[in-house]
Amino acid sequence: MRPAVTLVLGGARSGKSRFAESLAPAGEMGRVYVATAEPVDDEMADRIAIHRSRRGSAWRTVEAPIALAQTIKRESTPRTWLLVDCLSVWLGNLMHHDLDVGAACEALLEALAAAPGPVVLVASEVGLGIVPDNAMARAFRDHAGRLNQAVAEVAGTVFFVAAGLPVTLKGAPSPD
């Protein structure tokens, strides 16, 4: 278990990204936002713009829609605080490009184990709803559930956010 790895789970529009951003120490370390989303349409471009404006200039953004493990290896330092937002979008990118999800997830876990600095990962909890009605959506839900479990296992701290309120599932209590 690495205390420097934190997982923030939640549903859509639960406040998980905003909460994850609030975990960053003020002024002590460099802040790197590792973005997995791509502006594939106007709606996604608007969502990305909202996230960027909320973070402000204190963050440096690195795009990693596919090469997440490599980005963590390259960007993680003892003086850098990484925020990966989000694992679920990254997983969807892998599936969309028909890449080996298992190998990519294994590489991610290896990168987290070797990261010399703190890494906070945001992910959607997709297993709380009904069983999806199509094979691709069921495969996504299954991959996401397995990935969230694997990251939670190596994380020192895990939060679940609902209605903007964090609940500590593992590790340190949420900040006041």
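Below, the structure is looked at part by part. If you're wondering where the values come from, they're calculated on a predicted model, not measured in any experiment.

### Brief notes about helix 3 (residues 68-75)
Thinking step 1. What helix 3 keeps buried is the set Leu68, Ala69, Thr71, Ile72 and Glu75. Angular distribution of buried residues about the axis of helix 3 spans 160°; they occupy a single face of the element. Turned more than 90 degrees away from the buried face of helix 3 sit Lys73 and Arg74, all of them exposed.
Thinking step 2. The elements touched by buried residues of helix 3 are strand 2 (30-35), strand 3 (59-63), strand 4 (80-85), helix 4 (87-96), helix 5 (101-114) and strand 5 (119-124).

### As for helix 5
Because each turn of an α-helix spans 3.6 residues, side chains separated by three or four positions end up pointing in the same direction.
Thinking step 1. Between its terminal C-alpha atoms helix 5 stretches 20 Å, which fits the 20 Å expected from 14 residues at 1.5 Å a residue.
Thinking step 2. Taken together, the buried positions of helix 5 are Val101, Ala104, Cys105, Leu108, Leu109, Ala111 and Leu112. The buried side chains of helix 5 occupy one side of the element, clustering within an arc of 160° when seen end-on. In this structure, helix 5 carries Ala113 and Ala114 as exposed residues pointing more than 90 degrees from its buried face.
Thinking step 3. Of the residues that open helix 5, the one with a side-chain oxygen 3.2 Å from the backbone nitrogen of Gly102 is Asp100.

### Focus: the nonpolar core
Thinking step 1. Among the nonpolar cores identified, the biggest contains 33 residues, and Ile72 and Leu87 are the most heavily contacted of them.
Thinking step 2. For this core, the element with the most residues is helix 5, which contributes 7 residues.
Thinking step 3. Aside from chain neighbours lying at most four places away, what touches Ile72 is Leu82, Val84, Leu108, Ala111, Leu112, Ala115 and Val119.
Thinking step 4. Counting 15 residues, the second largest nonpolar core, distinct from the first, contains Phe19, Ala35, Val120 and Val122.

### Focus: the side chain of Thr157
Thinking step 1. For Thr157, the position within the fold is in strand 6 (residues 155-162).
Thinking step 2. Given a relative accessible area of 11%, Thr157 falls into the buried group.
Thinking step 3. Leave out the neighbours within four places in its chain, and Thr157 touches Val5, Thr6, Leu7, Lys170, Gly171 and Ala172.

### So, the packing of aromatic side chains
Thinking step 1. As enumerated under the stated definition, the model contains 3 aromatic pairs in all.
Thinking step 2. Between Phe19 and Phe159 the ring centres are 4.9 Å apart and the planes differ by 80°, which places this aromatic pair in the edge-to-face class. Separated by 140 residues along the polypeptide, Phe19 in helix 1 (residues 16-22) and Phe159 in strand 6 bring together distant segments of the chain.
Thinking step 3. Under the relative-accessibility criterion, Phe19 is labelled buried at 8%.
Thinking step 4. Owing to a relative accessible area of 3%, Phe159 belongs among the buried residues under this scheme.
Thinking step 5. A ring pair is formed by Trp59 and Trp81, whose centres lie 5.7 Å apart and whose planes are at 70°; its orientation type is edge-to-face. In this pair, Trp59 sits in strand 3 while Trp81 sits in strand 4, placing the two residues 22 residues apart along the sequence.

### Things to note about the packing of helix 3 against helix 5
Thinking step 1. Two elements in contact, helix 3 and helix 5, have axes whose closest approach is 8 Å; the angle formed by their N-to-C orientations is 15°. The angle between helix 3 and helix 5 falls in the class roughly parallel. The element helix 3 and its partner helix 5 pack so that their crossing is left-handed. Contact with helix 3, carried on its side by Leu68, Ala69, Ile72 and Lys73, involves Ala107, Leu108, Ala111 and Leu112 of helix 5 and no other residues of that element.
Thinking step 2. Among the residues forming the contact of helix 3 with helix 5, the class breakdown is 7 nonpolar, no polar and 1 charged.

Each value, and the rule that gives it
- Residues numbered from 1 in each chain as written.
- Predicted model: local features only at pLDDT ≥ 70, side-chain atom pairs only at ≥ 80, totals over all residues.
- Heavy atoms only, no water.
- Buried < 20%, exposed > 50% of the residue type's maximum accessible area, 1.4 Å probe, protein only.
- Helix = DSSP H or I, 4+ residues; strand = E, 2+ residues; numbered from the N terminus.
- Arc of directions from axis to C-beta.
- Contact = heavy atoms within 4.5 Å.
- Expected span 1.5 Å × (residues − 1).
- Polar contact = N/O pair within 3.5 Å; in protein donor to acceptor, adjacent residues only side chain to side chain.
- Core = buried A, V, L, I, M, F, W, Y, C linked by side-chain atoms within 4.5 Å.
- Phe/Tyr/Trp six-rings, centres within 6.5 Å; stacked < 30°, edge-to-face > 60°.
- Axes fitted to C-alpha atoms, helices over the stretch in contact; angles between N-to-C directions.
- Parallel < 35°, antiparallel > 145°, perpendicular 65-115°, else oblique.
- Left-handed = near helix turned anticlockwise from the far one by under 90°.
- Nonpolar A, V, L, I, M, F, W, Y, C, P; charged D, E, K, R; others polar.

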